[in-house]
Amino acid sequence: MKHIARKRFGQHFLTDAGIIEQIVASIAPRPGDALVEIGPGLAAMTDPLVARCERLMVIELDRDLAARLRRRPELEVIEADVLKVDFAALAQRAGQRLRVVGNLPYNISTPILFHLLGAVDSVVDQHFMLQKEVVERMAAEPGNKDFGRLSVMLQWRYHIEQVLDVPPEAFEPPPRVDSAIVRMTPLPADAVAGIDVALLGEIVGVAFSQRRKLLRHTLGGWITARRLDTGFDLQRRAEEVPVAEYLALTRAAAAR
């Protein structure tokens, strides 16, 4: 029986064989990898992935699709909401760090990214299909109009690279937006040691709360209230500040 895409799950099934081949080549799975696929759907990517890595964990919320996938002994099916999956526990059970891939539901892609951020020490890399606009924001550099809160809150912990553009016609049904593949590689833990993530989020949230204004109108008050003497240049807009400077300010605020 043909599976009809369910709107409530944000399902758009990848069908273009050429695009699938390019995605799998960019992931480059190897035998022995602890590979986890989020939202395998109709197994368009699952088949070529498992052909290369031999075993695969898949996370699928749709019970009908999960039932189909369970018939395959080379797959470990986790029928669950990905936002409730403990990725650190999966890595511990696998005895190695995970490689996470997937065509993420666009309606909850950002919550999934932040959920995985909590398990970043258990991950080798991540390759995701996302709305192209979101990928551009994730990978944007300071001074670019796309550089914002999402950029900082992911780039402080990952190297982010836009790998491949994917047009709507590569899916069934076609989404109303362009898509792209992003590669996310965690930065060495010692390079980002001592960061209070909640404090960083607070600083970045204040900085970008009125992104058209100079930081002296937003972050200036926050710094003054905490009596921080950091030499932080407030005569800039939030999008002009490199990630490293947000991290330095976070460390200074934490020490104060």
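Caption draft 1: Spotlight on the environment of leucine 49. Structurally, the position occupied by leucine 49 is in helix α2 (residues 46-53). According to the relative accessible area criterion, leucine 49 is buried, its value standing at 0%. For the pair leucine 49 and isoleucine 23, spaced 26 residues apart in sequence, the C-alpha to C-alpha distance is 9.9 Å.

Caption draft 2: Representation of the packing of helix α1 (residues 17-27) against α2. α2 packs onto α1 with a crossing angle of 35° between their chain directions and a minimal axis gap of 10 Å. The handedness of the crossing between α1 and α2 is right-handed. Contacts between α1 and α2 pair Ile20, Val24, Ala25 and Ile27 from the former with Pro48, Leu49 and Arg52 from the latter. When grouped by side-chain class, the residues that make up the contact of α1 with α2 number 6 nonpolar, no polar and 1 charged.

Caption draft 3: Local environment of the packing of aromatic side chains. Under the counting rule described, the total for this entry stands at 2 aromatic pairs. Summarising the aromatic geometry, the rings of phenylalanine 208 and tyrosine 246 are spaced 6.2 Å apart at their centres and angled 35° between planes, so their arrangement reads as tilted. Here phenylalanine 208, found in the loop between α8 (197-207) and α9 (219-225), pairs with tyrosine 246, found in helix α10 (residues 243-255); they are 38 residues apart in sequence, far enough to count as distant. Both residues of the pair, phenylalanine 208 and tyrosine 246, belong to the buried class. Of the aromatic side chains, those joined through ring pairs into one cluster are Phe147, Phe208 and Tyr246. Taking NZ or CZ as reference, arginine 236 lies 5.2 Å from the ring centre of phenylalanine 232, over its face.

Caption draft 4: Inspection of the environment of histidine 159 at higher detail. When you line up the elements, histidine 159 lands in strand β7 (residues 158-166). Since its relative accessible area comes to 47%, histidine 159 is described here as partly exposed. Apart from residues lying up to four places away in sequence, histidine 159 is in contact with Arg183, Met184, Thr185 and Leu187.

Caption draft 5: Summary view of α2. Listed in full, the buried residues belonging to α2 are Thr46, Leu49, Val50 and Cys53. Buried positions in α2, seen along its axis, are confined to an arc of 90° and lie on one side of it. Elements that come into contact with the buried residues of α2 comprise α1, β2 (34-38), β3 (56-59), β4 (75-78) and β5 (98-103). The first or second residue beyond α2 is glutamate 54, which carries a positive phi of 75°.

Caption draft 6: Local environment of α1. The complete set of buried residues in α1 reads Ile19, Ile20, Ile23, Val24, Ser26 and Ile27. In a view along the axis of α1, the buried residues occupy a sector of 160°, so they form one face of it. The exposed residues of α1 that point more than 90 degrees off its buried face are Ala17 and Glu21. Elements that come into contact with the buried residues of α1 comprise β1 (13-14), α2, β5, β6 (123-131), β7 and β9 (179-186). The N-terminus of α1 is capped by aspartate 16, whose side-chain oxygen sits 3.0 Å from the backbone nitrogen of glycine 18. One or two residues past the end of α1 sits alanine 28, with phi positive at roughly 55°.

What counts and how
- Residues numbered from 1 in each chain as written.
- Predicted model: local features only at pLDDT ≥ 70, side-chain atom pairs only at ≥ 80, totals over all residues.
- Heavy atoms only, no water.
- Helix = DSSP H or I, 4+ residues; strand = E, 2+ residues; numbered from the N terminus.
- Buried < 20%, exposed > 50% of the residue type's maximum accessible area, 1.4 Å probe, protein only.
- Axes fitted to C-alpha atoms, helices over the stretch in contact; angles between N-to-C directions.
- Left-handed = near helix turned anticlockwise from the far one by under 90°.
- Contact = heavy atoms within 4.5 Å.
- Nonpolar A, V, L, I, M, F, W, Y, C, P; charged D, E, K, R; others polar.
- Phe/Tyr/Trp six-rings, centres within 6.5 Å; stacked < 30°, edge-to-face > 60°.
- Lys NZ or Arg CZ within 6 Å of the ring centre and 35° of its normal.
- Arc of directions from axis to C-beta.
- Polar contact = N/O pair within 3.5 Å; in protein donor to acceptor, adjacent residues only side chain to side chain.

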